[in-house]
Amino acid sequence: MSSATTAFAGYSHLFPGARVLVETDAEDLARLPESFPVVFSDDSLSTARLLREDGRSWILVVEGYSTTKGTRLDERAWAVSAVEPDAEGLGLTPGSRLPSG
């Protein structure tokens, strides 16, 4: 059973190709909790959800948040283009941005 799950992004926002490390002991995306916190490089916080599209593709949805510099970002959805096992969890790579809401 997965313990606390937290995602870490190397930037203050996501974009195609930006890696997100999900620290977890889950072995695949299907075993992650329904939602989990995301910590961005500037220490801003949001919540992410992983959804399954068409039974195969994964979508990463990040709730709206403000960066520490005050930039407001609305909820955004990303096609997950890659999932790579990492020593500390799962590395996700966002692909194309999808319509959200």
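Residues numbered from 1 in each chain as written. Predicted model: local features only at pLDDT ≥ 70, side-chain atom pairs only at ≥ 80, totals over all residues. Heavy atoms only, no water.

Topic: the overall build of the protein
A count of helices and strands for the protein gives 0 helices and 9 strands. For the protein, the N- to C-terminal ordering of α and β elements is β-β-β-β-β-β-β-β-β. On C-alpha atoms alone, the protein measures out to a radius of gyration of 13 Å, which is about the 13 Å that the 2.2 N^0.38 rule sets for 101 residues. Dimensions of the protein, computed from C-alpha atoms along their principal axes, come out at roughly 35 × 25 × 20 Å. For the protein, with 101 residues in total, the buried portion stands at 38%. Long-range contacts, defined as pairs at least 24 residues apart, comprise 40% of the intrachain contacts of the protein with a sequence gap of at least 6. For the protein, the accessible surface area stands at approximately 5,800 Å², while carbon and sulfur atoms represent 49% of it. (Helix = DSSP H or I, 4+ residues; strand = E, 2+ residues; numbered from the N terminus. Rg over C-alpha atoms; globule rule 2.2 N^0.38 Å. Buried < 20%, exposed > 50% of the residue type's maximum accessible area, 1.4 Å probe, protein only. Contact = heavy atoms within 4.5 Å. Areas by Shrake-Rupley, 256 points an atom, 1.4 Å probe, with all protein chains shown as cover.)

Side note on the sheet that holds strand β4 (residues 45–53)
Pairing is mixed around the closed barrel formed by 7 strands, whose spatial order is β1-β2-β9-β8-β5-β4-β3. Across the sheet, the mean angle from the axis of one strand to that of its neighbour is 35°, orientation sign disregarded. Examined bridge by bridge, β4 and strand β5 (residues 57–62) share 6 bridges and lie antiparallel to one another. Note that in β5 the partner of R52 across the bridge is W58. (Pairing = 2+ DSSP bridges. Axes fitted to C-alpha atoms, helices over the stretch in contact; angles between N-to-C directions.)

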